[in-house]
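# Observations on the model geometry
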Amino acid sequence: MSDVMAPVKERLANRPSWLAPLYAGNASAVIERGFRVIRNANWGVIATGFFEPVLYLLAMGVGMGALVGGVPGPDGREISYAMFIAPALLATSAMNGAIYDSVNNVFFKLRYSKVYEGMLQTSLGPMDVALGEIFMALFRGLLYAVGFLGVLGVMGLVTSWWALAMIPVALLIALGFASLGMAVTSFMKSFQQLDLVPMVLLPMFLFSSTLFPISVYPGWVQGVIQALPLWHGVELMRQLSIGFFSPMTLVHLSYFAGMTVLGITLVTFRLRKLFLR
Amino acid sequence: MPVIQAQNLTKKFGDFTAVDGISFEVAPGESFGLLGPNGAGKSTTMRMIGGTSLRTSGSLTVLGLDPEERGPEVRASLGVVPQQDSLDEELRARDNLIVYGRYFGLPRAYLETKADELLEFAQLTEKAKAKVNALSGGMKRRLTIARGLVNEPRILLLDEPTTGLDPQARHILWDRLFRLKEQGVTLVITTHFMDEAEQLCDRLVVIDHGKIVAEGSPQALIREYSTREVVEVRFGSARNAAMEAELRGMAERIEVLPDRILLYARDGEGLLEQISRRGLNPLTSLVRRSSLEDVFLRLTGRSLID
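Just so it is clear, the structure is predicted and the values come from calculations on it, not from any experiment.

## What about the pattern of salt bridges?
Residues and elements named next belong to chain B. Counted according to the given criterion, the structure contains 37 salt bridges over all chains. Measuring nitrogen to oxygen at the nearest pair gives 2.8 Å for the salt bridge that ties Arg 253 to Glu 255. A residue is classified by how much of its surface remains accessible, and Arg 253, at 17% relative accessible area, is buried. Since its relative accessible area comes to 16%, Glu 255 is described here as buried. Residue Asp 294 is joined to Arg 288 by a salt bridge in which the shortest nitrogen-to-oxygen separation is 2.8 Å. For Asp 294, a relative accessible area of 0% puts it in the buried group. Each of Glu 232, Arg 234, Asp 259, Arg 260, Arg 288 and Asp 294 takes part in one network of salt bridges that share partners.

## A closer look at the UniProt feature "transmembrane region" (unreviewed entry) in chain A
Residues and elements named next belong to chain A. Residues given the UniProt feature "transmembrane region" (unreviewed entry) here are residues 43-67, 79-100, 142-163, 169-188, 200-220 and 240-269. Between the first and last C-alpha atoms of residues 79-100 the distance is 32 Å; the span itself is 91% helix and 9% strand. Split by type, residues 240-269 is 87% helix and 0% strand. Its first and last C-alpha atoms lie 34 Å apart.

## What to know about the pairing of strand S5 (residues 78-81) of chain B
All names here are of chain B. Because side chains alternate across S5, one face comprises the buried residues Leu 78 and Val 80, and the other comprises Gly 79 and Val 81, equally buried. Where S5 meets strand S6 (residues 155-159), four bridges bridge the pair, whose relative direction is parallel. The residue of S6 that forms the bridge with Val 80 is Leu 157.

## Overview of the side chain of B:Thr10
All names here are of chain B. Mapped onto the fold, Thr 10 is located in strand S1 (residues 4-13). For Thr 10, a relative accessible area of 10% corresponds to the buried category. One polar contact links the side chain of Thr 10 to the main-chain amide nitrogen of Gly 21, over a distance of 3.1 Å. Beyond its immediate chain neighbours, meaning those up to four positions away, Thr 10 contacts Thr 17, Val 19, Asp 20, Gly 21, Met 48, Arg 55, Thr 56 and Ser 57.

## Some points on the sheet that holds strand S2 (residues 16-26) of chain B
Residue and element names in this part refer to chain B. Strand order in this open sheet of three strands is S2-S1-S4, and the pairing throughout is antiparallel. Looking at the sheet topology across the chains shown, the edges are occupied by S2 and strand S4 (57-62). The sheet shows a mean angle of 25 degrees between the axes of neighbouring strands, taken without regard to direction. Bridge count for S1 against S4 is five bridges, and the pairing is antiparallel. Note that in S4 the partner of Ala 6 across the bridge is Leu 60.

## Some thoughts on the interface of chain B and chain A
One widely used convention gives an interface's size as the accessible area the parts lose upon coming together. Contacts between the two partners involve 37 residues from chain B and, on the opposite side, 35 residues from chain A. Across the chain B/chain A interface, buried area totals approximately 3400 Å², and carbon plus sulfur atoms make up 52% of it. Inspection of the region where chain B meets chain A yields five salt bridges. Of the charged contacts in the structure, one is a salt bridge between B:Arg108 and A:Glu32, with a shortest N-O distance of 3.2 Å. Here chain B is connected to chain A by 17 residue pairs in polar contact (both at pLDDT 80 or more). Looking at the side of chain B that touches chain A, the elements that each hand over two or more residues are helix H2 (71-75), helix H3 (93-103) and helix H4 (108-121) of chain B. A total of six residues in the side of chain B that touches chain A trace back to one element, the largest contributor, which is H3(B). Counted by class, the side of chain B that touches chain A contains 14 nonpolar, nine polar and 14 charged residues.

## Topic: a positive patch on the surface
Among the surface-exposed residues, A:Arg111, A:Lys189, A:Lys273 and A:Arg277 lie close enough to one another that they form a single positively charged patch. Mapped onto the elements of the fold, A:Lys189 is located in the loop between helix H7 (166-185) and helix H8 (191-194).

## Focus on the nonpolar core
For soluble globular proteins, nonpolar side chains are generally found buried alongside one another. Grouped together as the largest cluster of nonpolar side chains are 134 residues, with contacts concentrated most on A:Phe177, A:Phe275, B:Leu156 and B:Leu292. B:Val3, B:Leu60, B:Val62 and B:Val205 belong to the second largest nonpolar core, which has 25 residues in total.

## Observations regarding unusual backbone geometry
A negative phi angle is the norm for most residues apart from glycine, just as the trans form is the norm for most peptide bonds. Residue and element names in this part refer to chain B. Backbone geometry places Leu 63, a non-glycine residue, at a positive phi of 55 degrees. Its place among the elements puts Leu 63 in the loop between S4 and H2. Look at Leu 63 and you get partly exposed, because its relative accessible area is 21%.

The rules behind these values
- Throughout, residues of each chain are indexed from 1 in the direction in which the sequence is written.
- Lettering for chains starts from A, numbering for ligands starts from 1, and both go in the order in which the items are written.
- Selection of residues for local features in this predicted model requires a pLDDT of at least 70, selection of side-chain atom pairs for listing and counting requires 80 or more, and totals for whole chains, interfaces and linings are taken over all residues.
- The side-chain numbers reported here are obtained from all heavy atoms of the structure, hydrogens and water having been left aside.
- When a carboxyl oxygen of Asp or Glu lies within 4 Å of a side-chain nitrogen of Lys or Arg, that pair is called a salt bridge.
- Three exposure classes are used, based on accessible area relative to the maximum for each residue type with a 1.4 Å probe and protein chains only: buried under 20%, partly exposed in between, and exposed over 50%.
- UniProt positions are given in the numbering used here, feature names are shortened, and annotations may be inferred rather than shown by experiment.
- The helix count covers DSSP runs of H or I at least four residues long, the strand count covers runs of E at least two residues long, and both are numbered beginning at the N terminus.
- Strand pairing is assigned whenever DSSP detects at least two bridges linking the two strands.
- Distance and chemistry together define a polar contact, namely a pair of N or O atoms within 3.5 Å, with one atom able to donate a hydrogen and the other to accept it when in protein, and with adjacent residues in sequence counting only for side-chain atoms on both sides.
- Contact criterion: two residues are considered in contact whenever any of their non-hydrogen atoms come within 4.5 Å of each other.
- A fitted line through C-alpha atoms serves as each axis, taken over the contacting stretch for helices, and the angle formed by two N-to-C directions is quoted from 0 to 180°.
- What counts as buried area is the accessible surface, traced by a 1.4 Å probe, that two parts surrender upon association, with contributions from both included.
- Residues are grouped as follows: nonpolar covers Ala, Val, Leu, Ile, Met, Phe, Trp, Tyr, Cys and Pro; charged covers Asp, Glu, Lys and Arg; every other residue, Gly included, is treated as polar.
- Patch membership requires over 30% relative accessible area and the absence of a salt bridge. Like charges are linked within 9 Å, and nonpolar side chains (Val, Leu, Ile, Met, Phe, Trp, Tyr) within 5 Å.
- In short, Shrake-Rupley with a 1.4 Å probe defines the accessible areas, and a residue's cover is counted only from the protein chains shown.
- Charge assignment: positive for Lys and Arg, negative for Asp and Glu; neither His nor the chain ends contribute.
- The atom standing in for a charge is NZ when the residue is Lys, CZ when it is Arg, CG when it is Asp and CD when it is Glu.
- Remark: nonpolar core denotes a set of buried residues (Ala, Val, Leu, Ile, Met, Phe, Trp, Tyr, Cys) joined through side-chain atoms within 4.5 Å.

Below is the structure:
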């Protein structure tokens, strides 16, 4: 009897020993599953994630904006209130999407839907599953970012070609949050603990200079906010939206690069705890 | 050389010891059973064999490899049928087979043919496009087994394969498993059904509280731990206990269960006659051959299914 698995087994037999328990080099199979599910899925569910920032933009930017009038932009010149918050909403929606996928979805699939259990009965390793799922989270983030940027374009809220760079930056923000989120999920035991996540995210959304500049706070509060990731995402997006850069641009980018490295390292260490009992 | 070798295999969850230092070997082509009540540690043992549960101590090799150190490579040769179906509910029946095969790194062209072959094997050809949730319990079980065969495994791990199935579906499944065995696939089966163990297993270990309490072929275990026949008598739940004294000494061994009394003897009909000659008229009586159920009762003092 010929062994259909012979080529796979040979490949796996040659894996270095530190990778052998974790990674089969086949994350693409997890991604393939993701796309097959999207093809069968209800697009309505996916679309809700797109509409949320659009609704915020209409209510706050256009509605409230009529009361607020102009505000100083990143380069000091005055911009409309809608232009001020639009990039912040894009950064926030990248964060929310990534967290939703890497915390809620991963937790549900781990404990209830048994999708990962099925995957790990095959020659996939935990790292294949994690990489595949992070990729799918980024793909979803990409869809939202492109859609939202399209809306901004139509509404005339972007004034620079640099705004196109908001898409890869949205992915970077999503990657940072997704990897860290998955690491956090590995410590979660119940849905009650999952409820703590919005308690962190909501204040971060409200106070990270999303809806008003942080100059309204006393210095020490500003310091706390500047230590948190969303502020860097918001500021970075805001700079890109009008094509204005400063040395801080590099700081923001480095913050997310560092966060991604930290998140992925943590996830790798927690993979066995996350997926194996 | 054995395909699975476990030595002092132990798994603790906090203070709870689920698997308590068990040792066993499985030979190639053998059909090996892990028999025990719910919570005995069978499923945990299965998960350790597949490398998805990390052992606390002891050693374990599957096809000469440590599943903890080379999980993906070990699982390339394994088919896993878990106790609870882990089918992908977001995919249709046939896609479940194809996607699962892709997880093994198998080529798409191979899987297109293989999926149809497996659907036929599982008698699900007409259900190829059905959603998983639209399938009956028996169909889901068969699809799960079909899925476990997509990589043509050398070892098939079946965790409670027929729990929740109706008798007809069980027999279909047993028939499929026999065919696999004929093809040389090694079967490792956990079950708490005695008839299933007797039907399917060449050899089995009886597990209780994470420990192996007996090992052998079904026939050998029955010979060793029970008599040839068993008489079951019922006097009504209020009187069963009181009748024990009357019956004592008539049989080699006597077990009083809440609803009935079991009398172990070589000649069941003879014993039953004796009982009625003494004027002890049970409400119902039954003579049957000893089964693994009796072995388990003898070994643990409890019945398997509470």
